[in-house]
Amino acid sequence: MKYKSVLCPAPFNSIVISSEHTLQPCCKYIGDLGDLTKQTITEILASNTVKDLQKDMYDNKWPTGCMECKASEKVINQSVRTRMVEDVGNDNFTRNMISNLEISSSNVCNLSCAGCSTRFSSGWLKYAKVIEKTTDTEFYRSIIQEVPIIKSDSKLLIKNLIELDLTHCKRIYFKGGEPLLNTDMLAMLRYLDKIDMLRKIVICMDTSGAVIIDKTINETIALLCKAKEVKFGISIDGPEEVTTYIRYSPKNMASLDNMRNFISVFEKNNITFIVAPTIMVYNIFSLDKLVEWWLDDITAAFKHLDLDIYLFNFLIGPNYLSLHALQPATISRLVDYYNNIIETKEYGYLFSNIVNVLNNVEYGGHELHNQMVKYTLDMDKIKGQNVLNAVPELTNEMRYL
């Protein structure tokens with residue numbers, strides 16, 4: 001049966017289980033639909049909250065919780081919404097049958113990445129606690145917050161998933177926190193295998209790769225190899241000094257050597273590895289060097305693997321680390337830089353979208369620029385880093401205007 005066109009199919013076909021054990025329609029939705037510690041998953045999906053959100057989709061009305069997708073589409077013409085419409089369709093979808101499920105049920109992570117927060121990374125907590133509580137730091141404290149460590153609850157997860165009909169499920173996403181530090185991931189794989197659904201499902205995982213391989217890894221690999229397909233999106237943001245600056249840990253867990261070792265551990269049958277940098281003020285200057293490493297080192301060393309690179313993930317928030325915080329003269333130089341790469345390098349075609357986005361970046365003004373400077377200097381002091389050692393191209397930007 002064909003249903004009326006909708007703005008987005010997510011509230012009908014998608015479920016995200018967040019680190020707070022709440023339900024969301026997608027990973028970008030701001031707010032929640034219900035609390036799994038207080039209601040069952042079927043009660044939440046039948047609630048007026050969900051029905052009202054679905055009505056907004058039928059009315060082509062942008063709900064408050066969907067503003068991040070709207071902002072993303074304004075900047076880069078893409079968002080989670082557009083990808084879901086492309087995947088599912090917005091006028092011929094199977095109503096209220098789950099096709100996408102995301103497990104982000106813990107914030108346990110060993111990194112404190114720039115632009116992240118305690119909601120998604122327990123590694124941020126020790127730094128959040130020492131930030132000065134002044135009006136000058138409120139703009140980033142409100143984002144970093146002080147959410148406590150939230151561990152997984154596999155019994156709660158499986159108890160609720162048993163209530164769902166997963167026979168129409170196409171993809172399951174594991175995000176975080178760090179999925180490989182979340183025991184819900186293994187519990188979920190075991191459950192899917194038990195109900196004979198694992199072989200029908202594409203598993204997608206966003207991982208930092210910055211993990212110590214433990215005794216459960218062999219079972220994890222064995223189960224992943226039973227899936228229809230597995231895609232690892234690895235968070236590598238630039239050359240060595242840039243990625244370890246952005247993906248910070250005291251022991252440099254996000255080093256390129258560790259990433260290479262991570263791939264070697266998981267180089268099994270049906271796993272695709274995709275490097276997907278989060279493009280922001282700190283790595284926009286060196287994406288070509290990341291591409292060269294990926295093509296010349298990793299692709300050359302792992303010729304038998306399915307490898308890809310994705311340069312479409314632009315940071316929208318926090319906005320003080322977005323490209324809008326960079327001055328127009330810097331953006332102009334970047335346009336020239338990447339246009340030259342397009343014209344002179346064999347891999348230049350990868351940067352066409354980068355140039356398109358840069359050409360449409362609107363300067364956010366001096367206040368936003370100064371917030372970027374303030375945040376960066378404060379975090380460098382707290383973490384013992386120096387942004388100019390990693391990104392010398394920011395020298396002219398690291399001044400208050």
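Residues numbered from 1 in each chain as written. Predicted model: local features only at pLDDT ≥ 70, side-chain atom pairs only at ≥ 80, totals over all residues. Heavy atoms only, no water.

Q: Even after reading the chapter, I still don't get the overall build of the protein, so can you show me in this structure?
A: When helices and strands are counted, the protein shows 17 helices and nine strands. In terms of C-alpha radius of gyration, the protein reaches 21 Å, essentially the compact-globule figure of 21 Å for 401 residues. Each of the 401 residues in the protein was classed as buried or not, and the buried ones make up 56%. Per element, the accessible surface of the protein, about 18200 Å² overall, is 49% carbon and sulfur. (Helix = DSSP H or I, 4+ residues; strand = E, 2+ residues; numbered from the N terminus. Rg over C-alpha atoms; globule rule 2.2 N^0.38 Å. Buried < 20%, exposed > 50% of the residue type's maximum accessible area, 1.4 Å probe, protein only. Areas by Shrake-Rupley, 256 points an atom, 1.4 Å probe, with all protein chains shown as cover.)

Q: Quick question: what am I supposed to make of a negative patch on the surface here?
A: Taken together, E240, E241, D257 and E393 make up a surface patch of like negative charges. Assessed through its relative accessible area of 37%, E393 is described here as partly exposed. (Patch = residues over 30% accessible without salt bridge, like charges linked within 9 Å, V, L, I, M, F, W, Y side chains within 5 Å. Salt bridge = Lys/Arg side-chain N within 4 Å of Asp/Glu carboxyl O. Lys, Arg positive; Asp, Glu negative; His and termini not counted. Charge placed at Lys NZ, Arg CZ, Asp CG, Glu CD.)

Q: When you look at the packing of aromatic side chains in this model, what are you seeing that I'm missing?
A: The description of an aromatic ring pair uses the distance of the two centres, along with the angle that the planes make with each other. In this structure the tally under the stated criterion is 17 aromatic pairs. Here the aromatic rings of F12 and Y58 are separated by 5.3 Å at their centres, their planes lie at 65°, and the arrangement is edge-to-face. Of this pair, F12 sits in helix α1 (residues 10-13) while Y58 is found in helix α3 (residues 48-58), placing the two residues 46 residues apart along the sequence. Considered together, F12 and Y58 belong to a single accessibility category, that of buried residues. Their ring planes at 55° and their centres at 5.2 Å tell us that Y310 and F312 sit as a pair that is tilted. The rings of F139, Y140, Y320 and Y375 are connected pair by pair, giving a single aromatic cluster. (Phe/Tyr/Trp six-rings, centres within 6.5 Å; stacked < 30°, edge-to-face > 60°.)

Q: For this particular structure, what's the right way to read the sheet that holds strand β7 (residues 229-234)?
A: Within a sheet, neighbouring strands are paired by backbone hydrogen bonds and run either parallel or antiparallel to one another. In spatial order, the strands read β3-β2-β1-β4-β5-β6-β7-β8-β9; together these nine strands make up an open sheet with mixed pairing. A strand with exactly one partner marks an edge of an open sheet, and here the two such strands are β3 (34-35) and β9 (306-309). The sheet contact formed by strand β1 (residues 14-17) and strand β2 (residues 22-24) spans two bridges and is antiparallel. By the bridge assignment for β2, I17 is matched with L23. Packed onto the sheet, helix α12 (residues 256-266) meets β6 (202-207), β7 and β8 (271-275) and runs at close to 175° relative to β7. (Pairing = 2+ DSSP bridges. Contact = heavy atoms within 4.5 Å. Axes fitted to C-alpha atoms, helices over the stretch in contact; angles between N-to-C directions.)

Q: So what exactly am I meant to see when it comes to the pattern of salt bridges here?
A: It is possible for side chains bearing opposite charge to pair when their charged atoms get close. Tallied over the full model, the rule gives 16 salt bridges. With a shortest N-O distance of 3.9 Å, K129 and E146 are connected by a salt bridge. In this pair, K129 sits in the loop between α6 (125-128) and α7 (138-144) while E146 sits in the loop between α7 and α8 (154-161), placing the two residues 17 residues apart along the sequence. The salt bridge partner of D193 is K226, with a shortest N-O separation of 3.1 Å. Of this pair, D193 sits in helix α9 (residues 183-194) while K226 sits in the loop between α10 (217-224) and β7; the two residues are 33 residues apart in sequence, bridging distant segments of the chain.

Q: Please clarify how empty space enclosed by the protein should be interpreted in this entry.
A: Tallied over the full model, the rule gives four cavities of 30 Å³ or more. Taken together, 15 residues make up the lining of the largest cavity; nearest its centre are C8, C26, C66, C69 and R81. For the lining of the largest cavity, a count of residues per class yields 12 nonpolar, one polar and two charged. (1 Å grid on protein atoms, 1.4 Å probe; cavity = no way out; pocket = protein on both sides within 12 Å on 5 of 7 lines; lining within 4 Å. Points joined across faces, edges and corners; volume = space filled by probe spheres on them. Nonpolar A, V, L, I, M, F, W, Y, C, P; charged D, E, K, R; others polar.)

Q: Looking at this structure, how should I read unusual backbone geometry?
A: In most cases, non-glycine residues show a negative phi, while peptide bonds are predominantly trans. The omega angle of the peptide bond from G176 to G177 is 15°, so this bond is cis rather than trans. The step from G317 to P318 runs through a cis peptide bond, and the omega angle for that step is 5°. Following the sequence through the fold, P318 ends up in the loop between β9 and α14 (328-344). Phi is positive for Q145, close to 55°, though the residue is something other than glycine. On the accessibility criterion, Q145 (40% relative accessible area) is partly exposed.

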